[in-house]
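The lines below spell out each chain.
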Amino acid sequence: MPDKPLTIATYAAGASLAAITLIYVFGPTFFLDEDISGKKKGAVGLVNAANDCFINSILQVLAGLPDLRVYLIRETHRRNLDGQSVYDVGLDALEGEKSNISPEKLEGLQKGMVTSALKEILDSLNERPLHRKTISPQPFIRVLERAFRTHVSRQQQDAQEFLQVVMERLCDEYHAGAKARERAMKKGLAVSVADTASGRQEIAAQFGVELADAPGEGTEVEADDAENAAARVEEGFPLEGQIESQIECLTCGFKPKPSVSTFVTLTLNVPQQSSTSLNACFDGMFKVEHIDDFKCEYCRLQHAIDFKAKQLSRAPPSDSELLHSDIDKLRQALAQDPESPPEGVELPDSKLAPRCRIARHMRISSFPKVLAVHLSRSVFAFGSMGTKNMAKVAFPETLPLGSILDQRKYRLLGTIMHKGNHHSGHYESFRRQVQPVPFSTPHSFGAGGVYSMQHSPNPSVGQSPRISTSNLTTDSGRSPTLHSPSINSLSSQSSQPQPSPAPTPKSRDENSLQAPPSKPKSLKSLKEKASGANGKRKLKSKQSSNRWWRISDDKIKESKTADVLSMQKEVYLLFYELEKQ
């Protein structure tokens, strides 16, 4: 018979091994069954190897722009589905380009090499690690250097210049790819239309929402429908907008055709004062500006008619017929298109043309999905080096733009702050937590998924929270349709044997309604309970949208909206997302 102490030691070792096994196997389920929405989520940081804060801050903010990420997913999947033959560079592609461009550069634009590289690093930055994690921006930087055939310097570069270079490159790749698809459709090659099935699947996995299938999406079009499909397929680059500039002559009232220019970032000058606001900076850009000594085309043609009329009064009969013909042509051009002088008519010297006063104003004619605003704080004086404008700029969380009849509203998603002077300093970024809650891994711990309506069947230290089904119903009594994977998995059942569930609040309400008539549950109390539950959901949603990450290279901590809006002295770049109407 073995000794009693040896038996006790054997039992103790077995119990310890069993406890370790339980923690190792069932520990993750216990933590997942807890209230995950109340736990802090981390973000992936970026290594600052050589003054890379201007690169890291831009990448972190871009990672928090859902519209940009959806665009990158769509473009990448579209190019992969179309194949290399659609985006290969041929003679027709080179002839169609107005500027002289090398075949290598055009091929990089059509295949979207920077678009693919940016998608990869933004996907990595949107992981939700359980522990602290940092990655390097070097793979993306190497793709940029290969695309521009140059070396990215690290000598205190400007974050706005880096953003401008990257966004212009992405915009050029989008337009080059659209032209390549249009040429392929005219040749009879089949190309993808709008969202692909793989693209919708990745968008659903990344953002927790499923896109509705639009008519014609996920299909291919042939050359017969090329012209109609080309206009229907392309949705545009999300940061690309258009500004329309209109001038008016204050002498004759003539308005020439407005000039339209595209932009990917808007630069606003910060006035040299102690404090100002973002709206005041926009007013400085879009206010009516008066310009003197401008030569109006209408006034110039009118001056030419008067000049010819004076010549006609003194001209001999041999020249009168030619002058009459010139005057008739000038009057016809004045009535039809003053900006196009008639051919064959000699106009007076431009130095003799009258100088007028004009009014110029600008407006945003095409609003981008993502508005990037650059606050220019550089101050240059003659004979001295540039300095930094330290004025406080108050910026809102919701930004209205446009006229009263055509107004758009933008929501703040990210900012970049600069601390230091005009020649040196450090960049930090604030990024709103816009990812769906809760964050989950793509793996399931059971057939019912990691988030289940029933509590975990595995033993745990604490009691699992219960979710009231009364909060999941609408006022009409029907459950709303939710497309989030985490919510869909709530209705799934686990393959493992489940214990009898505890009575939910709904079942208790039903039992109370079946109680004796002496204590009925009034309809008013039920409405008050429902309104209280809805209020809690709204408060929880507001709290989740109030969370931000403050990121300085590899250092990350949580912040609130009030902390972001208080950085008025350091704000340098603002990123707003267009609210869906």
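For the structure, check the block above.
First, a word on what this report is: a plain description of the structure on this page. Everything numeric in this text was worked out from a predicted model, so none of it was measured. (Residues numbered from 1 in each chain as written. Predicted model: local features only at pLDDT ≥ 70, side-chain atom pairs only at ≥ 80, totals over all residues. Heavy atoms only, no water.)

### Quick look at the overall build of the protein
Looking only at helices and strands, the protein features 18 helices and 20 strands. For the protein, the proportion of its 581 residues judged to be buried stands at 38%. Taking the contacts inside the protein whose residues are at least 6 apart along the sequence as the reference set, 75% of them involve residues at least 24 apart. (Helix = DSSP H or I, 4+ residues; strand = E, 2+ residues; numbered from the N terminus. Buried < 20%, exposed > 50% of the residue type's maximum accessible area, 1.4 Å probe, protein only. Contact = heavy atoms within 4.5 Å.)

### Things to note about the sheet that holds strand β5 (residues 241–249)
On the basis of which strands lie adjacent, the open sheet formed by 4 strands has the order β6-β5-β10-β9 and antiparallel pairing. In the strand order of this sheet, the two ends are held by β6 (259–263) and β9 (289–294), each with one partner. Strand-to-strand twist across the sheet, computed as the mean angle between neighbouring axes with direction ignored, equals 30 degrees. In terms of strand pairing, β5 meets strand β10 (residues 356–366) through 8 bridges, oriented antiparallel. Bridge pairing in β10 places Q246 opposite H361. (Pairing = 2+ DSSP bridges. Axes fitted to C-alpha atoms, helices over the stretch in contact; angles between N-to-C directions.)

### As for the nonpolar core
L62, F140 and F237 are the most contacted members of the largest nonpolar core, which totals 46 residues. Looking at this core, the elements with two or more residues in it are α2 (53–62), α3 (66–82), α7 (113–125), α8 (138–148), α9 (159–187), β11 (370–376), β16 (407–420) and β20 (571–578). Of all the elements, α9 adds the most residues to this core, at 8 residues. Residue contacts for L62: discarding those within four places in its chain leaves L68, R69, L118, L122, L163, M167 and F575. Residues F263, I364, V373 and L401 belong to the second largest nonpolar core, which totals 30 residues. (Core = buried A, V, L, I, M, F, W, Y, C linked by side-chain atoms within 4.5 Å.)

### Some remarks on the packing of α7 against α8
The interhelical angle for the contact between α7 and α8, taken along N-to-C directions, is 170 degrees, at an axis separation of 9 Å. When the interaxial angle is binned, α7 and α8 end up roughly antiparallel. Contacts between α7 and α8 pair M113, V114, A117, L118 and I121 from the former with F140, V143, L144, R146 and A147 from the latter. A per-class count over the contact of α7 with α8 returns 9 nonpolar, no polar and 1 charged. (Parallel < 35°, antiparallel > 145°, perpendicular 65-115°, else oblique. Nonpolar A, V, L, I, M, F, W, Y, C, P; charged D, E, K, R; others polar.)

### Overview of the packing of aromatic side chains
Centre distance and the angle of the planes are the two values used to describe a pair of aromatic rings. Overall, the coordinates contain 6 aromatic pairs when judged by the stated rule. Feature note: the residues Y71, Y174 and F237 constitute an aromatic cluster, connected by ring pairs. Here the guanidinium or amino end of R79 rests over the ring plane of Y87, the centre of that ring lying 5.5 Å away. Above the plane of the ring of F148 lies R169, whose end atom (NZ or CZ) is 5.6 Å from the centre. (Phe/Tyr/Trp six-rings, centres within 6.5 Å; stacked < 30°, edge-to-face > 60°. Lys NZ or Arg CZ within 6 Å of the ring centre and 35° of its normal.)

### Observations regarding the pattern of salt bridges
According to the stated counting rule, one finds 19 salt bridges in the structure shown. The closest approach of N and O atoms between E173 and R169, which form a salt bridge, is 3.0 Å. Taken together, the residues span about one helical turn, with E173 and R169 both in helix α9 at a distance of 4 residues. The residues E173 and R169 share a single accessibility class, namely buried. E289 is paired through a salt bridge with R360; the nearest N and O atoms lie 2.7 Å apart. One end of the pair, E289, is in strand β9; the other, R360, is in strand β10, with 71 residues separating them in the sequence. A single salt-bridge network, built from bridges that share partners, covers E75, R78, R79 and R181. (Salt bridge = Lys/Arg side-chain N within 4 Å of Asp/Glu carboxyl O.)

### A short note on the environment of E104
Turning to its location among the elements, E104 is positioned in helix α6 (residues 103–111). Given the relative accessible area of 47%, E104 is considered partly exposed. When the C-alpha atoms of E104 and A147 are compared, they prove to be 9.3 Å apart, with 43 residues separating the residues in sequence.

### Examining the state of the cysteines
Applying the stated criterion to the full structure yields 0 disulfides. Free cysteine: C249, not disulfide-bonded; nearest cysteine sulfur from C252 at 3.6 Å. In this structure C296 is not part of a disulfide, and its nearest cysteine sulfur, from C252, lies 3.8 Å away. Judged by relative accessible area, which is 5%, C296 ranks as buried. (Disulfide = S-S within 2.5 Å.)

### Examining unusual backbone geometry
Of note, the phi angle at N51 is positive, near 55 degrees, even though the residue is not glycine. Here N51 shows up in the loop between β1 (45–46) and α2. By relative accessible area, N51 is classed as partly exposed at 38%. One non-glycine residue with positive phi stands out, namely D553, at about 60 degrees. Within the secondary structure layout, D553 lies in the loop between β18 (547–552) and β19 (555–560). By relative accessible area, D553 is classed as buried at 10%.

### Describing the pairing of β19
Direction of pairing for β18 relative to β19: antiparallel, over a ladder of 6 bridges. Counterpart to R550 in the pairing with β19 is K557. Taking the residues between adjacent antiparallel strands as the criterion, β18 and β19 are bridged by 2 residues, where D553 takes a positive phi near 60 degrees.

### Digging into the pairing of β10
The side chains of a regular strand alternate between the sheet's two faces. In terms of strand pairing, β9 meets β10 through 4 bridges, oriented antiparallel. Looking at the pairing, E289 lines up with R360 of β10.

### A look at α6
For α6, every residue scored as buried is listed here: L106, G108, L109 and Q110. Remark: G112 follows α6 within two positions and exhibits a positive phi of approximately 65 degrees.

### Re the side chain of Q433
In this structure, Q433 sits in the loop between β17 (425–432) and α15 (485–488). Within the structure, Q433 has its side chain in polar contact with the backbone oxygen of W548 (distance 3.4 Å). Polar contacts involving the side chain of Q433 include one to the side chain of E558, which spans 3.4 Å. (Polar contact = N/O pair within 3.5 Å; in protein donor to acceptor, adjacent residues only side chain to side chain.)

### Looking at the side chain of K119
By the element assignment, K119 lies in helix α7. Exposure remark for K119: the relative accessible area of 11% places this residue in the buried category. A polar side-chain atom of K119 sits 2.8 Å from a polar atom in the side chain of D123.

### Here's the deal with helix α14 (residues 317–336)
Spanning 20 residues, α14 covers 29 Å between terminal C-alpha atoms, matching the ideal 28 Å at 1.5 Å per step. Taken residue by residue, α14 has S320, L323, D326, I327, L330, A333 and L334 as its buried positions. Angular distribution of buried residues about the axis of α14 spans 155 degrees; they occupy a single face of the element. Residues E321, L322, A335 and Q336 are exposed on α14 and point more than 90 degrees away from its buried face. In this structure, the buried residues of α14 make contact with α13 (297–314). (Expected span 1.5 Å × (residues − 1). Arc of directions from axis to C-beta.)

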